[in-house]
Amino acid sequence: MAVGILLVGGFGTRLKPLTSESPKPMLPVAGLPVTEHQILAAKRAGIKTLVLATSYLSEVFTPYFGDGSKWDMKILYALEKEPLGTGGAIRNAAGMLDFESLGDEPIVVFNGDVLSRHSIANQIEFHQAKNADATLHLIDVEDARAFGCVPTDDEGRVTAFLEKMDNPVTNSINAGCYVFHPSVLDLIPLGDVVSIERETFPALVESGRPVFGYKEQAYWLDVGTPAALFKGSRDLIEGDFHAMAGSSIDPSAVVTGKSSLGRNVTVSKGAVIDDCIIGDNVKIENGAHLSHCFVFRDTIIEAGLEKSRYYLSSSISEPINLP
Ligand code: GDD
Ligand code: MG
């Protein structure tokens, strides 16, 4: 059975200020951390063991995911004291896996900031049918400049890997989910800073090893900016809003715009919450009016406060404007 590695150690720079107190993969989307959505997708594909490759704010993952038994999974944690880059992180995380018992089982790697509904099981099957060293999920986007550009030939074989270029040669991009034959990981030096996109993939392709593109145009989103994170949350919500267990909304309050409320959120009399992401254990007092705001967990929003496009948190003295 395939095993997984989740890359969750980046700084999330483009998501600031949302990532000042939380690593990007732990930000809530429709009430659950991005990582939890990915764990559920991996589980649906039959993956039972996952290593989280952590670095920035690594300490927040273990209390939430524990040993994984809540999801009927085995979850392990690898730590990089200093971020090792995507390739270095994969190599470091692979050190947690027992290759003797795994044999040739494929390793599935996930960028930790992607919501994708493609079939991971089909991607693994395609990889095995092609006898590939690496198989990348590819999707077409209108503007490929912010992504890894991945041209393929008629058989689906990857002919180049071009990370973030000004004049993309194709609209087909690296969607951030890879299946590897375990032997590929030996090519990455342990403990070094390595980019899988800028170093490992181009080297594999140039040396003629079989790297394939698995194309599936499913729902897909990189939640790497505040606008994208809000979109990802709205996309997952049916109806006006989503509230997790333990939340209560006064009948005179209005919650709308596909807002997401975490666990134990209280929305008091006359409050209005429109297009917001609200973390766990937040209290919104009477008559507060929030529009397109992100409220970090354990925060009290004072009665009558009116804010639009802000990051609000109990641990900062002044709300910060969202870009
Ligand atoms: N553990 C660890 N260590 N994780 C890291 C590190 C690191 O040093 N650097 C980045 N990551 C994680 C991030 O947390 C994120 O989940 C993932 O690796 C990808 O990093 P991003 O910073 O989000 O990269 P990107 O979005 O600019 O580009 C990547 O994703 C695109 C698809 O969304 C590339 O893989 C592109 O080729 C791809 O098209
Ligand atoms: Mg990203």
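Residues numbered from 1 in each chain as written. Chains lettered and ligands numbered in written order. Predicted model: local features only at pLDDT ≥ 70, side-chain atom pairs only at ≥ 80, totals over all residues. Heavy atoms only, no water.

What to know about the UniProt feature "domain: Nucleotidyl transferase" (unreviewed entry) in the chain
Argument step 1. In the numbering used here, UniProt assigns the feature "domain: Nucleotidyl transferase" (unreviewed entry) to residues 4–236.
Argument step 2. Secondary structure within residues 4–236 divides into 27% helix and 24% strand; the distance between the first and last C-alpha atoms comes to 24 Å. (UniProt positions renumbered as here; feature names shortened; annotations may be inferred. Helix = DSSP H or I, 4+ residues; strand = E, 2+ residues; numbered from the N terminus.)

Description of the domain arrangement of the chain
Argument step 1. Per the domain assignment, the segments of the chain are domain 1 (3–222) and domain 2 (237–321).
Argument step 2. Computed over C-alpha atoms only, the centres of domain 1 and domain 2 are separated by 33 Å.
Argument step 3. The interface is formed by 11 residues belonging to domain 1 together with 13 residues belonging to domain 2.
Argument step 4. Here domain 1 meets domain 2 over a buried area of about 1,000 Å², counting both sides, of which 64% is carbon and sulfur. (Domains from an automatic or database assignment. Contact = heavy atoms within 4.5 Å. Buried area = accessible area lost by both parts, 1.4 Å probe.)

Description of the side chain of Thr299
Argument step 1. Its place among the elements puts Thr299 in the loop between β23 (294–295) and β24 (300–301).
Argument step 2. Under the relative-accessibility criterion, Thr299 is labelled buried at 3%.
Argument step 3. Engagement of the side chain of Thr299 in a polar contact is seen with the backbone nitrogen of Ser314, the distance being 3.0 Å.
Argument step 4. Apart from residues no more than four positions distant in its own chain, Thr299 is found in contact with Asn281, Val282, Lys283, Leu312, Ser313 and Ser314. (Buried < 20%, exposed > 50% of the residue type's maximum accessible area, 1.4 Å probe, protein only. Polar contact = N/O pair within 3.5 Å; in protein donor to acceptor, adjacent residues only side chain to side chain.)

Here's the deal with the nonpolar core
Argument step 1. Counting 31 residues, the largest nonpolar core has Ile5, Ile90, Val109, Leu136, Phe180 and Phe201 as the members making the most contacts within it.
Argument step 2. By size, the runner-up hydrophobic cluster in this structure holds 22 residues, among which are Leu6, Ile39, Ala45 and Leu52. (Core = buried A, V, L, I, M, F, W, Y, C linked by side-chain atoms within 4.5 Å.)

Some remarks on the packing of aromatic side chains
Argument step 1. Tallied over the full model, the rule gives 12 aromatic pairs.
Argument step 2. Taken together, the aromatic side chains of Phe161, Tyr178, Phe180 and Phe201 make up a single cluster linked through ring pairs.
Argument step 3. The aromatic ring of Tyr219 is capped on one face by Arg117, whose charged end is 4.5 Å from the ring centroid.
Argument step 4. The ring of Tyr310 has Lys307 sitting right over it, with the charged end atom 4.7 Å from the ring centre. (Phe/Tyr/Trp six-rings, centres within 6.5 Å; stacked < 30°, edge-to-face > 60°. Lys NZ or Arg CZ within 6 Å of the ring centre and 35° of its normal.)

Some points on the coordination of the magnesium ion (ligand 2)
Argument step 1. Around the magnesium ion (ligand 2), the protein supplies Asp113 (OD) and Asp222 (OD) as donor atoms, at distances of 2.0 to 2.4 Å. Of the two residues, Asp113 is situated in the loop between β6 (107–111) and β7 (114–116) and Asp222 in strand β13 (residues 220–222); the sequence distance between them amounts to 109 residues. (Donors = N, O, S within 2.8 Å, 3.2 Å for Na, K, Ca; no water.)

Concerning unusual backbone geometry
Argument step 1. Cis geometry marks the peptide bond from Lys16 to Pro17, where omega comes out at 5°.
Argument step 2. Residues other than glycine seldom take positive phi values, yet Ala30 does so here, at roughly 50°.
Argument step 3. Positive phi, normally seen in glycine, also occurs at Arg309, with a value near 60°.
Argument step 4. Counting through the fold element by element, Arg309 comes out in the loop between β25 (306–308) and β26 (310–312).

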